[in-house]
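What the coordinates show
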Amino acid sequence: MANIQRTPPKKLNTPNTTVRQAQTQSEPDISSAVLMSENVKAKRSKRHRQDSSPKGGQDFDLQTLHETLTSLVAEVKEIKAQNCQIKISNTEICKSNSDIVQSMSFMNKNFEEMRKEIENLKKERTEQRIYIESLEKKINDLQVKTRSSCVEIRNIPYKEAETTASLIQTVTNIAEIVGMNVSASDFRDVYRLPGKPMQFLRDR
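First, a word on what this report is: a plain description of the structure on this page. (Residues numbered from 1 in each chain as written. Predicted model: local features only at pLDDT ≥ 70, side-chain atom pairs only at ≥ 80, totals over all residues. Heavy atoms only, no water.)

Describing helix α4 (residues 164-177)
Rules: Secondary structure follows DSSP: runs of H or I at least 4 residues long count as helices, runs of E at least 2 residues long count as strands, and numbering of each begins at the N terminus. Take the residue count of a helix, subtract one, and multiply by 1.5 Å to get its expected span. Exposed residues in this analysis have more than 50% of their type's maximum accessible area, buried residues have under 20%, and partly exposed residues fall in between, with area computed by a 1.4 Å probe over protein chains only.
Between its terminal C-alpha atoms α4 stretches 20 Å, which fits the 20 Å expected from 14 residues at 1.5 Å a residue. Among the residues making up α4, those that are buried are L167, I168, T170, V171, T172 and A175. Positioned one or two residues after α4, G179 has a phi angle of 85 degrees, which is positive.

Describing the pattern of salt bridges
Opposite charge on two side chains permits them to pair, given that their charged atoms come into close proximity. This is how the line gets drawn: Whenever Lys or Arg places a side-chain nitrogen within 4 Å of a carboxyl oxygen from Asp or Glu, that contact is recorded as a salt bridge.
By the definition in use, this model includes 5 salt bridges. Among the salt bridges present, the one from R115 reaches E119, with a minimum N-O distance of 2.9 Å. With R115 and E119 both in helix α3 (residues 62-147) and 4 residues apart, the pair spans about one turn of that helix. Under the relative-accessibility criterion, R115 is labelled partly exposed at 34%. E119 gets classed as partly exposed once you look at its relative accessible area, which sits at 43%. One salt bridge in this structure joins E152 and R154, with 3.2 Å as the shortest N-O distance. R154 matches E152 in its accessibility class, with the two residues each being exposed. Salt bridges sharing partners connect three or more residues here, namely E112, R115 and E119.

The quantities given are spatial measurements derived from coordinates; they are silent on function.
Here you go:
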């Protein structure tokens, strides 16, 4: 059997084939293509490095880190000591406040007792004032009653060592002279009212 070989068909240069080849071809000059493109940025922006970040090529200073940590530990210890002192002060203040509260309670109790005593004294004073007024009224009534049986005799000569009995005898003698029958038992009381000084009477 004879060998049969097929000849490939000839390529047709159609317009579509030319456009497809043009689209798939790569640009030999990439830099010029980038500059011509509006959607591609040629310059790559880098992230801003912070000042505190370690610089490239330099090792971090362990001594500085150790000193910083030591300082922080010392500050923490100082803060703890201050907190302990504040707690102690708060405890003392609470104790003082408790003592003050107890003192105030004691003072309030004493004040209430004193107030009750003062009220009782006021009540007693009111009762005594009412009683005194009643006594004064009784005294006034007695004075009014005694005035009806009171007789005043003036210009009776003064005698040394004068007594109630001698005055009664003098009044009895005067009653006999004026014609009145009066005995010593009729007198309730006899007394001499204060008058002029005795030396003046003696000089007369």
